[in-house]
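Report on the structure
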Amino acid sequence: MAGEKIEKKYTTISIPTPLAEKIKKRIEGTGFTNVSSYVTYVLREILAGIEEEKTDEAFTKEDEERIKERLRALGYLD
Amino acid sequence: MPKPHGGKLIDRTTKKQIDTKNLQTIEINTNQAEDILNIAHGVFSPLEGFQNRDDLENIIIHKRLTDDTPWTIPILLDADEKQLNNIKEDDTILLTNKEIGVKATLDIEEIYTYDKKTIAQAIYKTLDKNHPGVNNIYNMKPKLIGGKITLLETKPRKFDEYNLTPQETRILFKEKNWREIVAFQTRNPPHIGHEYVQKTALTFVDGLFINPIIGKKKTGDFKDEVILKAYETLIKHYYLKNRAVMSILRTSMKYAGPREAIHHAIMRKNFGCTHFIVGRDHAGVGNYYGPYDAHEIFEEFPDIGITPIFFRSFSRCTKCNAVVNDKICPHDQKYHINFSGKKIREILRNGETPPEDMMRKEVAETILQFKEPFVK
Ligand SMILES: [Zn+2]
């Protein structure tokens, strides 16, 4: 990084031309400056939604009991 | 409760005895030691260590890690030639900090050079060395070390009784049956404007998580113990016990404005919060950022996984006879009295009690009980 310029990292993905045209119209007058930035935004939003639906990993019973004890000792829990 | 950032709560602590006798040691500064604690306890999830060049470059350009996870503030470990004497990539070394008693191992993945101006311009949007964050970058040593850390030791510290890890807050929120939790970030004792913001947000969720950043301060700032006691008083007198909790966050302010607002939101997501209050000129300093830059940047992150709640400034309207903001009061500026932190500080500095429509009487009394509430 010292001296040399950092390259932006992008790749090309094909979408049907009519869809691209439709998106072009859709983003007129919005903050999106091009089709790519809109598609990126939408994909990130969708993927994040899917990730969120996966179940959360649980703590071990011992961890949880030890933590609850500390929380009670500090007055955070009754 | 939202999943931790990046999907998994990181735990880089170990109970195993690790023989460190033969490891080369670098003494790190206290901010870096705090970073280690925050990595180890998952506050910085998904980070497992100090950043490599790829992640740093991606953060600079895309405001994201190499796996596309939003991340806006680089977490870096700098070192000079003298410290790196005989240390090379793939070594495991020991990082120590005497001041807060941190000991951690670092599995070095990469040692690399970097350009300070590139970082300063990207993160702080300025090269002005009067900016405290830029100044810190300019004072960094010439090389960076990337790699995973493992926390071996820390020692008891002041305010530990207010310090909860993300694992602990997540269990606390679950025990309280809070599903939606709004986080409030602060560096000051509460005035009526703060209380109003918090309660407005709290009205729509289950619980309020007050999370003051404590640590390094500037002359004239309120001392940490003053902030904590002032909030305890406010909570005791004006909040429902099962609707508000406070714990501290030990991390240094970067004053990176919008980028730091994202970073602040990510940390609170890791604590288990679903919402994060972003104020006017959040994490700003001087005039480097527009007052609502920290609001706008959230538009770049549909996948951040915590909902920002934007507040513009609140004031007291003498015509409404209420605390108002620009969305709810139609009256002219001349009827508005702003909650000026600066003015309240001045009054308190003279040992006087601010008017009750600026600060709760009990809060002011708590602050005035301190012989010297300010950092000298
Ligand atoms: Zn009004």
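For the structure, see preceding data.
Read on for a plain summary of the structure. (Residues numbered from 1 in each chain as written. Chains lettered and ligands numbered in written order. Predicted model: local features only at pLDDT ≥ 70, side-chain atom pairs only at ≥ 80, totals over all residues. Heavy atoms only, no water.)

Let us look at the overall build of chain B. Within chain B, the secondary structure is distributed over 12 helices and 15 strands. Radius of gyration (C-alpha) of chain B: 21 Å, near the 21 Å computed for a compact globule of 376 residues. The dimensions of chain B, computed from C-alpha atoms along their principal axes, are 70 × 40 × 40 Å. Out of the 376 residues in chain B, the part that is buried amounts to 56%. (Helix = DSSP H or I, 4+ residues; strand = E, 2+ residues; numbered from the N terminus. Rg over C-alpha atoms; globule rule 2.2 N^0.38 Å. Buried < 20%, exposed > 50% of the residue type's maximum accessible area, 1.4 Å probe, protein only.)

The expected angle between donors at a tetrahedral four-coordinate metal is 109.5 degrees. At an octahedral six-coordinate metal it is 90 or 180 degrees. All names here are of chain B. Protein coordination at the zinc ion comes from Cys-317 (SG), Cys-320 (SG), Cys-329 (SG) and His-331 (ND1), with a distance range of 2.1 to 2.3 Å. Coordination at the zinc ion is tetrahedral, judged from the four donor atoms that bind it and the angles of 100 to 116 degrees they form at the metal. In the primary sequence, the donor residues of the zinc ion line up as C-x2-C-x8-C-x1-H. Classification of His-331 by relative accessible area gives partly exposed; the value is 26%. (Donors = N, O, S within 2.8 Å, 3.2 Å for Na, K, Ca; no water. Tetrahedral: all angles 85-135°; square planar, octahedral: opposite > 155°, others 65-115°.)

What follows covers the sheet that holds strand β13 (residues 314–317) of chain B. All names here are of chain B. Spatial ordering of the open sheet is given by β14-β13-β15, a layout of three strands whose pairing is antiparallel. In the strand order of this sheet, the two ends are held by β14 (322–325) and β15 (336–338), each with one partner. Along the sheet, successive strands turn relative to each other by an average axial angle of 45 degrees, direction set aside. Sheet analysis places β13 next to β14, joined by four bridges and oriented antiparallel. Considered in β14, the bridge of Cys-317 is made with Ala-322. (Pairing = 2+ DSSP bridges. Axes fitted to C-alpha atoms, helices over the stretch in contact; angles between N-to-C directions.)

Right, let's get into the side chain of Asp-91 of chain B. All names here are of chain B. With respect to the helices and strands, Asp-91 occurs in the loop between α3 (81–84) and β4 (92–97). You can call Asp-91 buried: its relative accessible area is 17%. Within the structure, the side chain of Asp-91 is placed 2.9 Å from the backbone nitrogen of Lys-88, a separation counted as a polar contact. (Polar contact = N/O pair within 3.5 Å; in protein donor to acceptor, adjacent residues only side chain to side chain.)

Together, Leu-43, Ile-46, Leu-47 and Ile-50 of chain A give the surface a local cluster of nonpolar side chains, amounting to about 380 Å² of exposed area. By the element assignment, Leu-43 of chain A lies in helix α2 (residues 35–53). (Patch = residues over 30% accessible without salt bridge, like charges linked within 9 Å, V, L, I, M, F, W, Y side chains within 5 Å. Areas by Shrake-Rupley, 256 points an atom, 1.4 Å probe, with all protein chains shown as cover. Salt bridge = Lys/Arg side-chain N within 4 Å of Asp/Glu carboxyl O.)

With that out of the way, let us pick up the interface of chain A and chain B. Facing the 30 residues of chain A at the interface are 42 residues of chain B. Overall, the association of chain A and chain B removes approximately 3,100 Å² of surface from exposure, summing both partners, and the carbon and sulfur fraction of that is 57%. Taken together, the connections running from chain A to chain B amount to five salt bridges. Arg-70 of chain A serves as the salt-bridge partner of Glu-168 of chain B, at 3.0 Å between the closest nitrogen and oxygen. The interface formed by chain A and chain B contains nine residue pairs in polar contact (both at pLDDT 80 or more). Taken together, the elements giving at least two residues each to the side of chain A that touches chain B come down to α2 and α3 (61–73) of chain A. Examining the composition of the side of chain A that touches chain B, we find that seven residues originate from one element, α3 of chain A, more than from any other. (Contact = heavy atoms within 4.5 Å. Buried area = accessible area lost by both parts, 1.4 Å probe.)

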